[in-house]
Structures are given as structure tokens and as C-alpha cells.
Amino acid sequence: MKRRTFLKLAGMSSITFAAGCGADANKTLYSLVQAPDDMVTGQASWYASTCRECPAGCGILIKNREGRAIKIEGNPLHPINRGKLCMRGQAALQGIYHPDRMKTPLIKKDGNWQPISFVEAQHILNQKTKAAAARGRDRIRMLTEMVGDSLFALFGASMKTWQSAAPLVFEPLSYDAQKAANDYTFGLKGLPNIHIEKADCLVSFGADFLETWLSPVRYAREFKAMHALKAGKKGCYHYVGPYQSLTAANADQWISCYPGTEHYLALGIVHEMLKRGRGKGLPPDFRNALQHRVADYNAANVTDATGIFSGPYETLLAGVLHATLPVFLGNSAAAHGANALQINMAANLLNYIVDPSLGQYDFEKTHRVEVAAGKTELISFLDCLNSRSVEILLLNGVNPVYALPTGLGIQETLQRSDLFVICFSNMLDDTAQLADLVIPVRHAMESWDEYSGQKGLVSTLQPAIAPLTQAPQVGDLFLSATVQAGHPATSYKAHLMDRLSSDAEHKQMKATDWIDTFQRGGVFASKPASSDSQAAAARSIQTMLEPVFEMMQATPLTVPADKNMAGLVFIAAPSIRFYDGRDGRKPWLCEVPDPLTKVAWQTPVWIHPAALRQFGLENESVVKIESEWGTVEAVVYETEGVHPTVAVMAMGQGHQFPGHYADKGCVNPMSLISHEPVPQSVVLLSAVYPVSVSGTGRKKVLAHTDGSRIQHGRKIALSVPLFRLQEQLRTAISDRPHGLTMNDFPMALPLPEGYSPKRDIYPAHAHDSYRWAMVVDLDRCIGCNACAVACYAENNVGVVGEERIKEGREMSWLRVERYLDPERPERITFLPMMCQHCDNAPCESVCPVYAPHHSKEGINNQIYNRCIGTRFCSQNCPYKVRRFNWFDWQWPEPLPQQLNPNVTVRAKGVMEKCSFCVQRIKAAHGQAKNEARMIRDGEVVPACVQTCPTDALVFGNLMDPKSRVRTLAEDIRAYQVMGYLNTKPAVIYLQKVLPI
């Protein structure tokens, strides 16, 4: 060793040692003197639990490293999601570490918040409830979020101890119209599972089953089971509604109709089906009466009433009438039209005509969200609060001030001086700010509990991380408050175990069985469904003909009087990112753009170009929207994805409380909505008519990440008609074109056989046993962006915020592009785009310091500590997937605890990009080396592949001729994005198949 080198190393060692002895050393260096028994430093522990981001109740696995929860994956054993997760499930981790999470209780004194201890908060809760109960009955009322049976039973027992009514379950998306329709038709005021995977034709009258409807991950899987290409065939899917949601964007045909007229189309289908001989299995009297009732719903009347063209209607009828088992879905969770009840009743009627045994339904495995109170019950609850006999209101995990129309007066009720409001919440949200006492509680991932998203299974929760605060589990608060009632359990965990063990089905389970249950995530074995419930529903529907048409009389078959509307119908739509608003402050969900608008951090209002011309407005105009119940200002997003008579805004932002990631400038669309239920119905709409739209003279730049809405003729997101694909399947693969132009350039795999002296200057790379590659099936991709959020979570991707995105400085390693067909803008193709890991990578040849490096396994590595930030690689990348760190992106405390220790956190001035989750590849290498074998096909699962609900992504070794990725790469639909550039990408795409 040279003397100069020795002195350099010695100096660096001294500086490092001195830095470690500084005052802040405890921030970077620590040692677990007494580590938990199940923790091995450097190795992850996994805890099975249940996601609580929405009522669906998907099973999850939480990854813990050195006491920190760092990643959430789907539980492959769970029957609801089978190992997959949506974007909200991936972002659930940020609920634990959110910087706005409260650490101590707060009590309001003289209008100001004062922190108190948890002991004091428990004492106030105990004394207030005891004193109120002593003064008479129903002095205490409670509104709670969706909880499991055990916790809800405890709440009910506590309320009974206090001589008060049972708690009311509040869920903003409560499916009132669907439950009422099921009650009318099936005699069941519940929400049965619908087996859409059994269909060969699916028609949705507004149900957004890929976003927020009932169980999106489950229905996404079942949707692709019926809609994906199989043996050269695929099912067809039609969507009817006034705006193009993500679910509508995945339809083979979106039929845009006048808002509130969807049931005309449904009854028109009934008319045509009976006219053409369907429904022969129906009771004759029922069929004859039904045929008489729908006689007026012929094609001419229906198209006139709904405002659609005859061509799309005939296409819809052809798909339904040629199908063996079409399945029909009603409208969305949030009712958008005055005829929401009728739409759901008509959908049930259609399913009965197709299959009188109702085999599409599972009336035993119903969705738990059915227990949520309807809006009319909620209105009665609020009326009771205003009767002034109620002294204490308990609010558990709910935010009604944000989620309910302002006309209901919930804010005024909470501010009454004679009502003491206690809120169990981890954030000082819109509702908690109006409470008198706010008590933080443990997060679901810090708690023992159970929550089953559907009947027939037990889904458990367990702590995956030590509590970050001293907050108790909410069940322990209630046990302590009612200790005088003689509850045998000393803690909520003991209460939970006692209740589960007392269940008749689980009485014989031993302690070891319960350990296995929590390790597995629940008890999933269920009895086979009996036919009794199906038969009872079938008998019930035969008596519902008159009630259906009695309801239809409210909207007879006439041309809508307001066809030429002066104003617009305003719709507040549930959001795939924020659901009903509960996830509106999580930075990953704010940063990942909306799948359809590609706008991040903002909530624009969607308006059709024709309507904009009518109002003299344009894209990015700031407009004032006024209804009878409120006024908001919003930025316009111009789109043909809405009916010209409709304006749409997504729920989720516009919260009125400060903190990190505050959605400044956004508005809450519910402030425009009426609080009055639809006449002759139990439905409270999330739409309002009319609203006026006027310009303010201002404009605001949208934080969008798309460069263009179309492909400009480039071969990026390709599709193929089904009839043409069937012809191609009869043609040998060797007949593919071989040329040098964009239209005839061949598939060139990043392997030696993909090189040709006619096309290539450089020789092929010599890969060592592995050539990692990915296949993306565009026919399976639904554009849900779960993969994008999973990438953020796995790879410590920086969150840049609204202003940086406007400058084009987003940091996402994986983005889901959406491209519109120029000739048919309603036809959308989604394309996940990440680093293509090219064999002829343009980035590698231009870097002066060789930071982009081609590994022996074909991965385009990015060596961070070699990068000097010239950005030559980004300029040379045709796919624009390389990201430059203009700043040191900061995570407010305690969000840094979410960071993955296996992935370097990049610094300012460094380029970064997708690595195919190389840390997972290295882990698989280590496991294979220990077992003296090769890595098995499917053993390496990158974060994006793991979470995809529809299995659109496949990863593997291209050098293994038997691997799934190699088999798919040889598919007739396989192509490479802009492959004519001869970069030889290792990401292979399969064309989307268009059956219509």
C-alpha cells in the first residue's frame, strides 16, 4: 500500500469515529440490548393482519425490520385478495408514521387545546359517561366506523351499561340504494357477493368495482378471470354511466347517457331479452306480466330517453343476447342519480331473467359493509342529537363533518355547549377539531383485533410493530370505562380471545391452534354454500314485480324535461386514491397521479369540451361552481370522458385542518351536495342538479405528469382487434415482419439470438445464467396504479410535492401511462412504464463515469456513489424513466421509519431509476446459494409484480426456456415499446385485445 493511500484511509477512519461520538450519534447508531425473541438483526419478520383502509378487509402481511414496519404485502392465504393489494392498502403504512398523528390526548378549554395525559383522558371518559348514565336513559350516543364483531359487541355492551342505544355504524359509502333494492327484490337488506368471474358478458350500470365498490381487489381478479384472453376468446364488458371512471375506462364499450337514465337502458334490455326468447325458465305468469310491463321500452324510446345513439345500444344488446351467462351490476356505492334504487332493482331483475336460480349471487358470504347505517338512519341519529336529551357523543374513527353534506348541520350540532363530544381519533381532522376531548388510539397495525370483510370467515389483526405512542387500544378504553359492569376480561386482547373461543365453530381450538390462526391471518375454511338462501331469494323476486314498477312510476318512460339543461349535474365521485376522503393526507397517494387525469396533489373538476365552449371556459380555468347548498372554486380538467351535461369531482381532498401534506387550494365536493333524500326513496345522493359554472378570470396550472394524451403514431401502447388476433393465431410466428422501419422492425429479445449483423453494431452481452426480464400484459392492466405505490414503498422513492411535479421533477420509478385513441377518445390503454433494462442501453454509453452499468445478469444498474449528475443518461433515454434528484427529499418525522433498509436513500445530484427490485434478486440469490441450487422460476417477485390485482406483470429469467416470462415473450401479442430504436428492452409488452 502506498503511503499516501494509507494516510487517506487513516484520516477517513478518524473522521468517521469522531462523527459517531457526536451528540447526535444516537440518531444513527443503536444497539438492541434486549431484542425481541422473534427478531434477528438484518432479517425481516412477517406478521399476518387485516387491512383497514376500506370495508373490504383484505388480508395483509406486514414486514418488520429491527422493530420497524417497512412494507405491506397481500396475504396469499386470504380468500378475499389472495396476496394482492390496491394502492390504498400499500399506503396504509403511512397511517402509522404520519407526522400529523397525535401523541397525547387534547381537551378543549376556553376554545384552546390543552394536552393531558392518557390517565386523565380515561378519567374524564369514565366520569362523564357514569354521570350521564345516572341521569337517565339515552344520554349517551355513539357513532363508529366499521369495526369487527368483537369490538362492536363491546361497544354495544358498554352502551347498554350506560342505558343508551346501540352505536350507529357510519360509512360514507353505505350502498343505501343497493341494499334497499336487494330488500325489495330478494327480501334481503344486505350485500351478497356477485360472481362476475362466471360471466361471459358483464354490464355495469355505474358500479365502480375496480376502484371503490365493495371489494375492489377481489372484483379486479374476478373481472380479469372473465375478461382476459383465453384460447383466443374473451368475455365482453359494457359500462353505462354519465362519466368515465377507471372502471368505465376498462370497458370494451362505455355508453355515456343522460345522468339518471341508466335504468331505462336496463329495462330496455329486459324488453329485448323477453322479446327474443330469453327467460324461458321464469314462471309463466311472472314472465307474461313482466313482458307486458316493459312493452314500451323499445329501442327507439330507450335511445331517445337516454340520449345515446342506436349503434352503441345495438352493440350492447348483441353482447348480452349472444352471451350464455351475462351478469349485471347496479350503480356505484355513492348514488349519482335520483333513480339509483331503480337501477339496482332492474339489475337484480336482469340477473334473475338470465338465471332463475340466481347462481351469480352468494347470499351467505355477504359483505360486512352491509351493517353500515343508511343515510335516513343517520339523519334520525342527528335529529336525536339535536333533541338536547343527549349529553355525550362518542365518535370512533369517523369524520362526518367532512363526509356529510353541510346542510345536515353536523358542525352546529357538535358545537353545542350542552353536548360533550369525545372523539377517538389519531388526527385532528375536520370533526376532531370540533370535539371537546380527543383521545388518540392505537393504529390497527399496533392492535389485537378481528375484522372480517365478508361473512363466513374470521380475519385477524395482530401488532406488527410496538406502539409508537402510549395510546391505548380503543377497546381497552371502553373496558375501563365500564369496569363496574363486571366484564370478565382484563384487556381487550383477553376479551377478543374469549369471544372468539366462545364461538361455536371455534370452541374446540387449542392455544396452539390460535397461534396458527394469527400466523395465518385468520380462519378461512368455510362450509359450502347451501341452496336455501338462493331459493328463498328466487321465491322473493317473483313477488316484486309490482313494487318495482310502483317505484318506476316516479320516473316514467318519457323524454327528460331537462334534456337541454341550462346548468349541469354535479357528481361527487368516490376516488380510487382517497376512497371517501379518509386517505386524502397520505403523501404516496397524493403523489401518484389520478389514473385518468394524471393529475397529482389536486382535485380538478371534469367538464366536457362542449360545456366549456358553452360557458366560454378552457382547460385549467378556475371556475366557481354554485348549487343551492354551497359554492366552491375548482380548476377545470377538460375531458371527453364525461357527458356534456355533467361535471365530476373526486372525493378525498379539501380537508379543513392544518398539518403536513395539507391539500391547500383543494375543495370538498360534498359542500355542494343536498342533504335531502330522494323522494319515495331511502337514498341520499352524492350528486346535485342544477349547478351553475362561471369563470373567475383566473387560471391555475395542473400538476399533471402526462406529456400527451395520445401516442402521435408511435408504437408505444399497442392494441389488436380480437378478430385480427384470431387470424394471427392461425399464422406462424416466423411470418412476422423483419425490417428496419418502425412498422416492420422485429421483436429482438435481449439475448444473443436477438442480435443480427444486419441491425447491430455491437456484439451481444454474455449473461451469466440469468437474464432478468419482465412481461406486461396490457390486456390485464387496469391502470389502478397499485404497482406505482408499491414501488414508492419498496424503494424509498422521494415525494416531491405539487410544485416540483409542475416543474416535471416527479421521482416515480414506475408510472402507469394512459393513452387515448385519437379516433375514439373513450377507448383508453394503460401502460406501466419503468426502466426497460435494455441490452443496448442508450444511457450506458454516454455516462462519463460509467454510473449506469450493465450487470452480468442483464440489469441496468445505477451506481449512486459514482454518479456525478451530468444527466446525459436521462437525455439519452427514449423512455424517460430516469429521475434526477434536484433536492435532498425529506420525510418529516417519523416517516423516515418507513424506509427500507435494503435500499439506499439517494442524495441530491444523483440519478435514480427502477432496479427490478435488485435487493429482492440478491435475497433470492442468497437463499439459492445456501441450498446449492438455481433460483426457481417465480421465486423473485418485485414489488410491482407482487401487488398487481390482475397479474398483469410477470418477472423471471429470460434465459430459462421453460420460464413463464420466456413463454410469454414468445406470444403472438408480444412487442417492445419503440423496439424499432433497437435498444432491445428487457420489458416485453403484450398487446391489449379489443373484442369490440
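Residues numbered from 1 in each chain as written. Predicted model: local features only at pLDDT ≥ 70, side-chain atom pairs only at ≥ 80, totals over all residues. Heavy atoms only, no water.

Enquirer: Account for the pairing of strand E28 (residues 815–820), naming residues and giving values.
Expert: Most of E28 is tucked away: 6 of the 6 residues are buried. Bridge count between E28 and strand E29 (residues 828–833): 6 bridges; the pairing is antiparallel. Directly across from Val-816, in E29, lies its bridge partner Pro-832. (Buried < 20%, exposed > 50% of the residue type's maximum accessible area, 1.4 Å probe, protein only. Helix = DSSP H or I, 4+ residues; strand = E, 2+ residues; numbered from the N terminus. Pairing = 2+ DSSP bridges.)

Enquirer: How would you sum up empty space enclosed by the protein? Please name residues and give values.
Expert: In total, this model carries 18 cavities of 30 Å³ or more according to the counting rule given. Approximately 1,100 Å³ is the volume attributed to the largest cavity. Forming the boundary of the largest cavity are 44 residues, of which Arg-52, Glu-145, Gly-397, Asn-426 and Arg-582 lie nearest the centre. When its residues are assigned to classes, the lining of the largest cavity shows 17 nonpolar, 14 polar and 13 charged. By volume, the second largest cavity amounts to about 250 Å³. Along the walls of the second largest cavity sit 24 residues, with Pro-172, Ala-334, Lys-375, Leu-684 and Ser-686 positioned nearest its centre. Listed by contribution, the elements that provide at least two residues to the lining of the second largest cavity are helix H6 (176–186) and helix H15 (400–403). Looking at the lining of the second largest cavity, the element that brings in the most residues is H6, giving 3 residues. Looking at side-chain class alone, the lining of the second largest cavity contains 16 nonpolar, 5 polar and 3 charged residues. (1 Å grid on protein atoms, 1.4 Å probe; cavity = no way out; pocket = protein on both sides within 12 Å on 5 of 7 lines; lining within 4 Å. Points joined across faces, edges and corners; volume = space filled by probe spheres on them. Nonpolar A, V, L, I, M, F, W, Y, C, P; charged D, E, K, R; others polar.)

Enquirer: Break down the packing of helix H4 (residues 118–134) against helix H17 (residues 474–481) for me, with residues and values.
Expert: Between H4 and H17, the shortest axis-to-axis distance is 9 Å and the interhelical angle comes to 50 degrees. In this view, H4 runs oblique relative to H17, as classed from their interaxial angle. The handedness of the crossing between H4 and H17 is right-handed. Taken together, the residues of H17 that come into contact with H4 (itself represented by Gln-122, Leu-125 and Asn-126) are Asp-476, Leu-477, Ser-480 and Ala-481. For the contact of H4 with H17, the per-class residue count stands at 3 nonpolar, 3 polar and 1 charged. (Axes fitted to C-alpha atoms, helices over the stretch in contact; angles between N-to-C directions. Parallel < 35°, antiparallel > 145°, perpendicular 65-115°, else oblique. Left-handed = near helix turned anticlockwise from the far one by under 90°. Contact = heavy atoms within 4.5 Å.)

Enquirer: Please provide a residue-by-residue account of H4, values included.
Expert: Under the 1.5 Å per step criterion, the end-to-end length of H4 is 24 Å for 17 residues, consistent within 8% with the ideal 24 Å. When H4 is considered as a whole, its buried residues turn out to be Phe-118, Ala-121, Gln-122, Ile-124, Leu-125, Asn-126, Thr-129, Ala-132 and Ala-133. If you follow the buried residues of H4, they end up packed against strand E4 (106–109), strand E6 (140–144), strand E14 (392–396), strand E15 (420–424), strand E16 (437–439) and H17. Where H4 terminates, the next one or two residues include Gly-136, which has phi positive at roughly 145 degrees. (Expected span 1.5 Å × (residues − 1).)

Enquirer: Any chance you could break down the state of the cysteines for me, citing the residues and the numbers?
Expert: Taken as a whole, this structure holds 0 disulfides when the rule is applied. The cysteine Cys-257 is free of any disulfide, with Cys-201 supplying the nearest cysteine sulfur at 17 Å. (Disulfide = S-S within 2.5 Å.)

Enquirer: Explain the side chain of Glu-794 residue by residue, including any values.
Expert: Along the chain, Glu-794 falls in helix H25 (residues 786–795). When residues no more than four places from it in sequence are discounted, the contact partners of Glu-794 are Lys-71, Asn-900, Val-903, Cys-917, Gln-919, Arg-920 and Ala-943.

Enquirer: With reference to specific residues and values, describe the sheet that holds strand E34 (residues 953–957).
Expert: Reading across from one edge, E34-E27-E36-E35 is the order of the 4 strands in this open sheet, with mixed pairing throughout. Because the sheet does not close on itself, it has two edges, and the strands there are E34 and strand E35 (974–975). Pairing of strand E27 (residues 772–777) with E34 involves 5 bridges; the strand directions are antiparallel. Along E34, the bridge assignment pairs Val-775 with Val-954.

Enquirer: Break down the confidence of the model for the protein chain for me, citing the residues and quoting the values.
Expert: Across the protein chain, the average pLDDT comes to 88, with 91% of residues at 70 or higher. A low-confidence stretch, residues 557–561 (pLDDT under 50), is modelled with 10 contacts involving residues beyond four sequence positions or located in other chains. (pLDDT = per-residue confidence, 0-100.)

Enquirer: Kindly report on the sheet that holds strand E3 (residues 68–74), identifying the contributing residues and their values.
Expert: Spatial ordering of the open sheet is given by E1-E2-E3, a layout of 3 strands whose pairing is antiparallel. Single-partner strands in this sheet number two, and they are strand E1 (45–50) and E3. In this sheet, neighbouring strand axes are inclined to one another by 30 degrees on average, regardless of whether the strands run parallel or antiparallel. The sheet contact formed by E1 and strand E2 (residues 59–65) spans 6 bridges and is antiparallel. Following the sheet pairing, Ala-48 is matched in E2 by Leu-61.

Enquirer: Could you give an account of helix H7 (residues 216–227), naming the residues involved and the relevant values?
Expert: The terminal C-alpha atoms of H7 lie 16 Å apart, and with 12 residues this matches the ideal 16 Å at 1.5 Å per residue to within 8%. With 11 of 12 residues buried, H7 lies mostly within the body of the structure. Turning to H7, its buried residues are Pro-216, Val-217, Arg-218, Tyr-219, Ala-220, Arg-221, Glu-222, Phe-223, Lys-224, Met-226 and His-227. Here the buried face of H7 lies against helix H2 (87–90), strand E8 (193–194), strand E9 (201–204) and strand E10 (236–240).

Enquirer: Describe in detail the packing of helix H9 (residues 262–275) against helix H13 (residues 340–354), supporting the description with residues and values.
Expert: Two numbers describe how H9 lies on H13: the axes approach to 8 Å, and their chain directions differ by 20 degrees. Looking at the two axes, H9 sits roughly parallel to H13. For H9 against H13, the interelement crossing comes out left-handed. Facing H9, whose interface residues are Glu-262, His-263, Ala-266, Leu-267, Ile-269, Val-270, Met-273 and Leu-274, H13 presents Gln-342, Ile-343, Ala-346, Leu-349, Leu-350, Ile-353 and Val-354. A class-by-class count of the residues in the contact of H9 with H13 yields 12 nonpolar, 2 polar and 1 charged.

Enquirer: Could you give an account of unusual backbone geometry, naming the residues involved and the relevant values?
Expert: Between Tyr-689 and Pro-690 the backbone carries a cis peptide bond, its omega angle lying at -5 degrees. Of note, Pro-690 is situated in strand E25 (residues 687–699). For Phe-916, which is not a glycine, the phi torsion comes out positive at approximately 60 degrees. The topology assignment puts Phe-916 in the loop between strand E33 (911–912) and helix H29 (918–930). Here Phe-916 falls in the buried class, since its relative accessible area comes to 1%.

Enquirer: How would you explain the pattern of salt bridges if you had to name every residue and give the values?
Expert: In this structure the tally under the stated criterion is 39 salt bridges. Its salt-bridge partner being Arg-135, residue Glu-391 comes within 2.6 Å of it at the nearest N-O pair. One end of the pair, Glu-391, is in the loop between helix H14 (375–385) and E14; the other, Arg-135, is in the loop between H4 and E6, and 256 residues separate them in sequence. Arg-139 is the salt-bridge partner of Glu-391, the closest N and O atoms lying 3.3 Å from each other. Of this pair, Glu-391 sits in the loop between H14 and E14 while Arg-139 is found in the loop between H4 and E6, placing the two residues 252 residues apart along the sequence. (Salt bridge = Lys/Arg side-chain N within 4 Å of Asp/Glu carboxyl O.)

Enquirer: Go over the environment of Leu-394, please, and point to the residues and values.
Expert: Residue position: Leu-394 is located in strand E14. The buried category is assigned to Leu-394, whose relative accessible area is 0%. For the pair Leu-394 and Phe-420, spaced 26 residues apart in the sequence, the C-alpha separation amounts to 8.7 Å. Discounting chain neighbours no more than four positions away, the residues touching Leu-394 are Leu-125, Ile-140, Arg-141, Met-142, Leu-143, Met-159, Trp-162, Ile-422, Phe-424 and Phe-478.

Enquirer: Pulling in residues and values, what's your account of the pairing of strand E20 (residues 568–573)?
Expert: Where burial is concerned, most of E20 is hidden: 6 out of the 6 residues are buried. Neither face of E20 is left uncovered, since the one carrying Leu-568, Phe-570 and Ala-572 and the one carrying Val-569, Ile-571 and Ala-573 both have all their residues buried. The pairing of E20 with E25 spans 3 bridges and is classified as antiparallel. The partner of Phe-570 across the bridge, within E25, is Val-688. Bridge analysis of E20 against strand E24 (residues 646–650) gives 5 bridges, and the strand direction is parallel. In the sheet register, Phe-570 faces E24, and the bridge partner there is Ala-647.

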